[in-house]
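A closer look at the structure
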Amino acid sequence: MLPPSARVGCRNAIAPASAHTRSAQTFKAFYATIRSLRQTYEPPEPDDVEPSEKDFILSLLRANPSLRDTKSYLASFGPRPQQPKPPALRPQGTPVVAEREVAADAETKPPDIKPAPPPVVASILNPVYRRTALVKIQAPFTDRQVESIARGMVYLEKLGLVSVIVVENDHLGRGDSGERAVMLEETMRVVNALEKQGARARPVLGSVVRLGPKPGDETSTEPREHAIPEAHTFPSDLVHIRSALRAGEIPVLAPFALDSFCRSVRVDANDVIAALVRGMVEAAALDSSPTLSEDSPSLSPDEVDLTPLRLMIITREGGVPSYARQGMPHLLINLTSEYQYIRETFDPRWKSVHPTALSNLELARTCLAYMPPTSSAVMVSHRSPSSLIGNLITNRPAVSSSLPHALLQGNRKLTPHTPTLLRRGLPIRVVRTVEELDKAKLKTLLEQSFRRELEEDAFWKRMERDLDFVIVAGDYAGAAIVTREPCPPNTPSAIGPITYLDKFAVLPKHQGDGTVDFLWVALHDETYGLGLPFSANPNGGKEGKGEGRDLVWRSRADNPVNKWYFERSTGHVRQGDWVLFWCDAEMRLKTEEGRRANAGLSYLEDWEQGRLGIWSEVVMKIPSSWKPKTQEITN
């Protein structure tokens, strides 16, 4: 038996190739096994500002955006495509300059004249369209911490996202003597820090929201899953914010509101932010209304789109603690399907370290209900200003939530200050019979995702015979189809029947919005993660009850998605034009490892003997679900 340290790095498994040639051929797989899901974490040394985060360009590079992320960013902030202008007619007699002469003339220009940057670079560093973000700065912070936060706001402004900031102070009780003076001082501290970083800021010390629900809210019969804001605002109340944005200034607000007697009183900053989000969305809708006249002030070229693109909550606490990671932050939250369960599983012991986590979670839920579906919220520590850039450009969590827990903690990517990204998300449900499926919508999803035409008769016949379950995201925005594949006779129960991931598909318009991660986490909870405490999610599945099973699937060797699969699988083995992937049942490994204590696990356990050969024999014989490529969809 090998010591535990020898098992952490890798495990090699050798198994027969098939039932017929088991004595002649073997497969050798090199893979890493998920071991300890709970490793002791040593927090980094306290340092308010990382030196590398002072460089704006380095912060951009650390965001590491994909091509899809870059296109999405440029679609929001870059120049809009314009109709090409017809070439100007050259007056008769104008000499034609040869290309060589033009090049020679360019070489003779004075060296102090720099060439213009490429259009893509120029559009990032000088965005054409400016958008807004609501930012809650949850003080108290030291001067150095405020400087770090201000630097993040300046970075965002350079990228076209102008912050509307609301300042709060948790240590100042409501009704305390001199609270108004203290809040005004906190507001001016933020203004001064922004200007010290080179930005232009404007304190908005008056009230821009009104206490109480908006007229009509209490009698409205419209169904809502979120709380109604305890304050409201009208488009005419936003004049000071509009003025600051038009002047290129960052508005900084104190948490004041007008009561029924028109007195300016201090209120919870969450109420101010929720009212502002709703009011700014409604004002932006009026701005874009076709009934407005062309000379309306709202159509000024200097106008900033008031629709909030992001909600940023900056605290000393960081993200929302996760029951799945022993209090380390959630990476990505699907508010539609996870909100209530997160509240129910919030450990009371976390309250002392994360006193406002749940109230900020509720704030995000309320705000995202009014914001566009592509918007997101991020709860971030003051220690991570550069992560705000990553969130803006990629709109993804700092680390994917679908990565294995051991991988996240093993390479120390997950820290107490890792941000939590929150999306409105989609409902997740588990369907166990073909009769419950909407065949037309599932067919559309599969064909648009794979860009192939489904062989319907054969596919549905196979589903009726072998289907285990289907995880559906939203109204078929994504789906994971899992079957139970029968194995040859006398196959050990630990190996067969095979839990096989037949299809994993997401509509193109939902790729990059978190749906992929939401689906994979649900897939983990229903298959190889089953039996673990944090797999008890109320999505209509087994809710964590049962015995986990190894998950197996195949992918074409040239599939660009394989890099994503490599990061999430326990192991893989190449089979000609295919790659066979699998994820080991985590509870089984964890139980066996605990039983052996310090002895650890071996490279090849008894229950793993011959499984690669059986998997390969069964999986490689599964027929294709698609029509021949000559009939491939071209649109």
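Residues numbered from 1 in each chain as written. Predicted model: local features only at pLDDT ≥ 70, side-chain atom pairs only at ≥ 80, totals over all residues. Heavy atoms only, no water.

As recorded by an unreviewed UniProt entry, the protein carries the name Amino-acid acetyltransferase, mitochondrial and is attributed to Lentinus tigrinus ALCF2SS1-6. As its UniProt record puts it under Pathway (unreviewed entry), the protein is described as follows: "Amino-acid biosynthesis; L-arginine biosynthesis; N(2)-acetyl-L-ornithine from L-glutamate: step 1/4." Turning to the protein, the UniProt annotation filed under Subcellular location (unreviewed entry) states: "Mitochondrion". (UniProt positions renumbered as here; feature names shortened; annotations may be inferred.)

**Some remarks on the sheet that holds strand S13 (residues 376-381)**
A sheet is described by the order of its strands in space; here eight strands give the open sequence S5-S8-S4-S3-S11-S13-S14-S12, paired in mixed fashion. The sheet is open, and its two edges are formed by strand S5 (201-204) and strand S12 (332-334), each paired on a single side. In this sheet, adjacent strand axes meet at a mean angle of 25° when their direction is disregarded. Sheet analysis places strand S3 (residues 131-139) next to strand S4 (residues 161-169), joined by nine bridges and oriented parallel. When the bridges of S4 are listed, Ala139 appears paired with Asn169. Strand contacts of helix H10 (residues 335-344): S12 and strand S14 (420-423), with the helix running at about 100° to S12, the strand carrying the most contacts. (Pairing = 2+ DSSP bridges. Helix = DSSP H or I, 4+ residues; strand = E, 2+ residues; numbered from the N terminus. Axes fitted to C-alpha atoms, helices over the stretch in contact; angles between N-to-C directions. Contact = heavy atoms within 4.5 Å.)

**Here we look at the packing of aromatic side chains**
A complete count under the given rule lists 15 aromatic pairs for this structure. A centroid spacing of 5.0 Å and a plane angle of 70° characterise the contact between Phe459 and Trp460, whose relative ring orientation is edge-to-face. Note on accessibility: Phe459 and Trp460 belong to one class, buried. With 6.1 Å between their ring centres and 65° between their planes, Trp564 and Tyr565 make a pair best called edge-to-face. Classification of Tyr565 by relative accessible area gives buried; the value is 8%. Of the aromatic side chains, those joined through ring pairs into one cluster are Phe504, Trp520, Trp553, Trp564, Tyr565, Phe566 and Phe581. The positively charged end of Arg180 is found above the aromatic ring belonging to Phe256, 4.2 Å away from the centroid. (Phe/Tyr/Trp six-rings, centres within 6.5 Å; stacked < 30°, edge-to-face > 60°. Buried < 20%, exposed > 50% of the residue type's maximum accessible area, 1.4 Å probe, protein only. Lys NZ or Arg CZ within 6 Å of the ring centre and 35° of its normal.)

**Section: the packing of H10 against helix H11 (residues 357-370)**
The N-to-C vectors of H10 and H11 enclose an angle of 160°; their axes lie 11 Å apart at closest approach. When the axes of H10 and H11 are compared, the pair comes out roughly antiparallel. Handedness of the crossing formed by H10 with H11: left-handed. Contacts from Leu335, Tyr339, Ile342 and Arg343 of H10 reach H11 at Leu358, Leu361, Glu362, Ala364, Arg365 and Leu368. For the contact of H10 with H11, the per-class residue count stands at seven nonpolar, no polar and three charged. (Parallel < 35°, antiparallel > 145°, perpendicular 65-115°, else oblique. Left-handed = near helix turned anticlockwise from the far one by under 90°. Nonpolar A, V, L, I, M, F, W, Y, C, P; charged D, E, K, R; others polar.)

**Quick word on the environment of Ser555**
In this fold, Ser555 is placed in strand S19 (residues 551-556). Judged by relative accessible area, which is 3%, Ser555 ranks as buried. Placed 19 residues apart in sequence, Ser555 and Arg574 show a C-alpha to C-alpha distance of 9.7 Å. Among residues more than four places away in sequence, those in contact with Ser555 are Asn562, Tyr565, Asp577, Trp578, Val579 and Phe581. A polar contact of 2.6 Å, which involves the side chain of Ser555, links it to the side chain of Asn562. (Polar contact = N/O pair within 3.5 Å; in protein donor to acceptor, adjacent residues only side chain to side chain.)

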